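Fold and contact review
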Amino acid sequence: MNESEVIKVIIYTFLAFMLMALVLILFFYFSRKKIIKQEIEKKNLEINYQKELLHAVIETQEDERQRIAQDLHDDISSKLNIVSLNSQMLIGTELSEKEFSEVTENIIKLTGKALENSRRIAHDLLPPVLDKFGIDAAISELAVEFNSAKSVKVYYENNISFETIDAKKHLHIFRILQELMNNSLRHGNAHNISVVFNNDKGKNYCSYSDNGIGFDSNDISKQKGLGMKNIMSRIELINATIDINSAPNKGFKAKIIF
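Here's what I pulled together on the structure shown here. Bear in mind that the values here come from a model prediction, so they are computed numbers and not experimental data.

1. Regarding the sheet that holds strand β1 (residues 153–158)
One open sheet holds the five strands; their spatial order is β1-β2-β3-β5-β4, and the pairing between them is mixed. Since the sheet does not close on itself, it has two edges, and those belong to β1 and β4 (241–246), each with one partner. If you compare each strand with its neighbour and ignore which way they point, the axes differ by 10 degrees on average. The pairing of strand β2 (residues 192–200) with strand β3 (residues 203–210) spans eight bridges and is classified as antiparallel. Its bridge partner lying in β3, Asp-200 is registered against Lys-203. This element, helix α4 (residues 135–147), spans β1 and β2 of the sheet and lies at about 165 degrees to β1. Where helix α5 (residues 167–186) meets the sheet, its contacts fall on β1, β2, β3 and β5 (252–257), and the angle it forms with β3 comes to roughly 15 degrees.

Structure, rendered in structure tokens:
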């Protein structure tokens, strides 16, 4: 091989290495570009998901405000208006002993009903048992309330110690279970509900299940109802995780790790 051929071999080899290097650079460039694009798409999906949860929280809060406003107007305000009118009759009108007794009795009844309704509204906002005695007592009371309906049997078991410093977290857990139980009864037509708290390797978790009609948990659209969005938003707020497993005619199961 003469000198010119050697030079040609060197040039071709160099060009081949350059071409390979260029191909590798282009490959890594487009691969990296694709990865970045996928990461951006993933972040956008996460942002959209967070927006949906935030929207669900706001919508739930607005519905709750409207319900409370309606209750205050219909149940309490109207009764207090009648109490006020009756009180004016006692002051400004000459009444017989019988009429005075009837008006007084009516005032007492209406005041009692208004007080009862105000307690119910306060209970819906923050269950007094939860505030005074903790989440264990509150869930026990919730189970008793559902059992009193006779159409469903709730089994509740607690094998963990709830820390009192987690009061805000406990409120969210209580609301999540309340929502799940309502869904089991109203939408799942369940006759049996089980709520069990356990601890595994330092992690507290709640196993929830019912024997209702279930649904396809792989169908994302089934998990986009306001109730499920409300649950997911609370899960996010307390940095918990939830694993849902359900199938048509096979009930509903959920594991909440907190």
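After that view, the rundown keeps rolling.
2. Notes on the pairing of β2
Bridge count between β1 and β2: six bridges; the pairing is parallel. By the bridge assignment for β2, Tyr-155 is matched with Ser-194. Adjacent in sequence and paired antiparallel, β2 and β3 are bridged by two residues, among which Lys-201 carries a positive phi angle near 55 degrees.

3. Considering the nonpolar core
Soluble globular proteins tend to pack their nonpolar side chains together in the buried interior. Membership of the largest hydrophobic core comes to 37 residues, with the highest contact counts inside it found for Leu-177, Phe-197, Tyr-208 and Phe-258. Apart from the residues lying within four places of it in its own chain, the contact partners of Leu-177 are Ile-139, Val-195, Phe-197, Cys-206 and Tyr-208.

4. Brief notes about the packing of α4 against α5
Between α4 and α5, whose axes approach to 10 Å, the crossing angle comes to 15 degrees. Between α4 and α5, the crossing angle belongs to the class labelled roughly parallel. In this structure, the crossing between α4 and α5 has a hand that is right-handed. Contact with α4, carried on its side by Ile-135, Ala-138, Ile-139, Leu-142, Ala-143 and Phe-146, involves His-170, Ile-173, Phe-174, Leu-177, Gln-178, Met-181, Asn-182 and Leu-185 of α5 and no other residues of that element.

5. Observations concerning the pattern of salt bridges
Under the defined criterion, the tally for this structure stands at one salt bridge. In this structure, Glu-105 engages Lys-109 in a salt bridge whose closest nitrogen and oxygen atoms are separated by 3.5 Å. Here Lys-109 and Glu-105 lie together in helix α2 (residues 97–125), a separation of four residues that amounts to about one turn. Taking relative accessible area as the criterion, Glu-105 reaches 41% and is therefore assigned partly exposed.

6. Examining α5
Between its terminal C-alpha atoms α5 stretches 28 Å, which fits the 28 Å expected from 20 residues at 1.5 Å a residue. Looking only at α5, the buried set comprises His-170, His-172, Ile-173, Phe-174, Arg-175, Ile-176, Leu-177, Leu-180, Met-181 and Ser-184.

7. A few points about the pairing of β5
A one-sided burial pattern is seen for β5, the buried positions being Phe-252, Ala-254 and Ile-256 and the unburied ones Lys-253, Lys-255 and Ile-257. Of the pairings in the sheet, the one linking β4 to β5 comprises six bridges and is antiparallel in character. The residue of β5 that forms the bridge with Thr-241 is Ile-257. Hairpin connection from β4 to β5: five residues lie between these consecutive antiparallel strands, with Asn-249 at a positive phi of about 65 degrees.

8. Considerations on unusual backbone geometry
Note on backbone geometry: most residues besides glycine have negative phi, and most peptide bonds are trans. Of note in the backbone geometry, Lys-201 takes a positive phi value of approximately 55 degrees without being a glycine. The class for Lys-201 is exposed, based on a relative accessible area of 81%. Look at Asn-249: it is not a glycine, yet its phi comes out positive at around 65 degrees. You can see Asn-249 is positioned in the loop between β4 and β5.

9. Regarding α4
Between the first and last C-alpha of α4 there are 18 Å, a value that for 13 residues agrees with the 18 Å anticipated at 1.5 Å per step. Residues of α4 that are buried include every one of Ile-135, Ala-138, Ile-139, Leu-142, Ala-143 and Phe-146, and no others. Take α4 and look down its axis: the buried residues cluster within an arc of 140 degrees, on one side only. Contact partners of the buried residues in α4: α3 (128–133), β1, α5 and β2.

10. Quick notes on the side chain of Ser-184
Tracing the backbone through its elements, the reader meets Ser-184 in helix α5. Relative accessible area serves as the criterion here: at 2%, Ser-184 is assigned to the buried category. Aside from chain neighbours lying at most four places away, what touches Ser-184 is Asn-189, Ala-190, Ile-193, Tyr-208 and Asp-210.

Each value, and the rule that gives it
- Here, residues in each chain are numbered from 1, in the same order as that chain's written sequence.
- pLDDT decides what is reported in this predicted model: residues at 70 or higher carry local features, side-chain atom pairs at 80 or more are listed and counted, and totals for whole chains, interfaces and linings draw on all residues regardless.
- The basis for every side-chain value is the complete set of non-hydrogen atoms in the structure, without hydrogens or water.
- Strand pairing is assigned whenever DSSP detects at least two bridges linking the two strands.
- Helix and strand definitions here come from DSSP, where helices need a minimum of 4 consecutive H or I residues and strands a minimum of 2 consecutive E residues; each element is numbered from the N-terminal end.
- For helices, the axis comes from a line fit to the C-alpha atoms of the stretch in contact; other axes are also lines fit to C-alpha atoms, and the angle between any two N-to-C directions lies between 0 and 180 degrees.
- Two residues form a contact once any of their heavy atoms are found within 4.5 Å.
- The definition of a nonpolar core used throughout is a set of buried Ala, Val, Leu, Ile, Met, Phe, Trp, Tyr and Cys residues joined through side-chain atoms within 4.5 Å.
- A 1.4 Å probe rolled over the protein chains alone gives each residue an accessible area, and that area as a share of the maximum for its type sets the label: buried under 20%, exposed over 50%, partly exposed in between.
- These descriptions rest on fixed angle ranges, namely under 35 degrees for roughly parallel, over 145 for roughly antiparallel, 65 to 115 for roughly perpendicular, and the rest for oblique.
- By the definition used in this description, the sense in which the near helix is turned from the far one sets the handedness, with an anticlockwise turn below a right angle giving left-handed and a clockwise turn giving right-handed.
- Criterion for a salt bridge: a side-chain nitrogen of Lys or Arg within 4 Å of a carboxyl oxygen of Asp or Glu.
- By definition here, a helix of n residues has an expected span of 1.5 Å times n minus one.
- The directions considered for the arc are those from the helix axis to the C-beta atoms.

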